[in-house]
Amino acid sequence: MIETFDKAEAGALRLRLRPAHLEYLEANRHLLLACGAKLSDDGQAASGGLYLLAVESRAEAEAFIAADPFHQGDLFERVFVTRWRQAYLDRRNTLNEG
């Protein structure tokens, strides 16, 4: 799991980098279980994102986010990479699956 936090007042930068970011996500969709922006309560402003990846190591997750145009464009103030265990996906318990 990767959680990102945008720099303050970086809305214009986010919008400028967004097309390349979306292309990057599409090119790497085989790694994505889910991802999306964290939004303000009114849904109008993004302040970072959350990525759930199907990778085996921290190094793979770090390489993924390092190559993201948002990261390369210096949008992020902070990035946290945390190992997580998938328990539910698409409203299904996946803990007991083969």
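For the structure itself, consult the block above.
Okay, so let's go over this structure. Computed from a predicted model, the values in this text were never measured in an experiment. (Residues numbered from 1 in each chain as written. Predicted model: local features only at pLDDT ≥ 70, side-chain atom pairs only at ≥ 80, totals over all residues. Heavy atoms only, no water.)

### Some words on the environment of lysine 7
Stage number 1. By the element assignment, lysine 7 lies in the loop between β1 (2-6) and α1 (11-27).
Stage number 2. On the accessibility criterion, lysine 7 (33% relative accessible area) is partly exposed.
Stage number 3. Residues lysine 7 and glutamate 77 lie 70 residues apart in sequence; the distance between their C-alpha atoms is 4.6 Å.
Stage number 4. Not counting residues within four places of it along the chain, the set of residues in contact with lysine 7 comprises Asp74, Leu75, Phe76 and Glu77. (Helix = DSSP H or I, 4+ residues; strand = E, 2+ residues; numbered from the N terminus. Buried < 20%, exposed > 50% of the residue type's maximum accessible area, 1.4 Å probe, protein only. Contact = heavy atoms within 4.5 Å.)

### Looking at the packing of aromatic side chains
Stage number 1. Inspection of every chain in the model, using the stated rule, returns 4 aromatic pairs.
Stage number 2. When the ring of tyrosine 51 is compared with that of phenylalanine 64, the centres are 5.8 Å apart and the planes differ by 75 degrees; the resulting orientation is edge-to-face. Pair noted here: tyrosine 51 is in strand β3 (residues 46-53) and phenylalanine 64 is in helix α2 (residues 58-67), with a separation of 13 residues, a long-range link.
Stage number 3. With a centroid separation of 6.2 Å and an interplanar angle of 90 degrees, the aromatic rings of phenylalanine 70 and phenylalanine 76 are classed as edge-to-face. Considered together, phenylalanine 70 and phenylalanine 76 belong to a single accessibility category, that of buried residues.
Stage number 4. Taken together through their ring pairs, the aromatic side chains of Tyr24, Tyr51 and Phe64 make up a single cluster.
Stage number 5. One Lys or Arg, lysine 38, reaches over the ring of phenylalanine 5 and ends 3.5 Å from the middle of that ring.
Stage number 6. Its end group placed over the ring of phenylalanine 5, arginine 78 keeps NZ or CZ at 4.2 Å from the ring centre. (Phe/Tyr/Trp six-rings, centres within 6.5 Å; stacked < 30°, edge-to-face > 60°. Lys NZ or Arg CZ within 6 Å of the ring centre and 35° of its normal.)

Without other data, these values stay purely geometric and don't point to any function.
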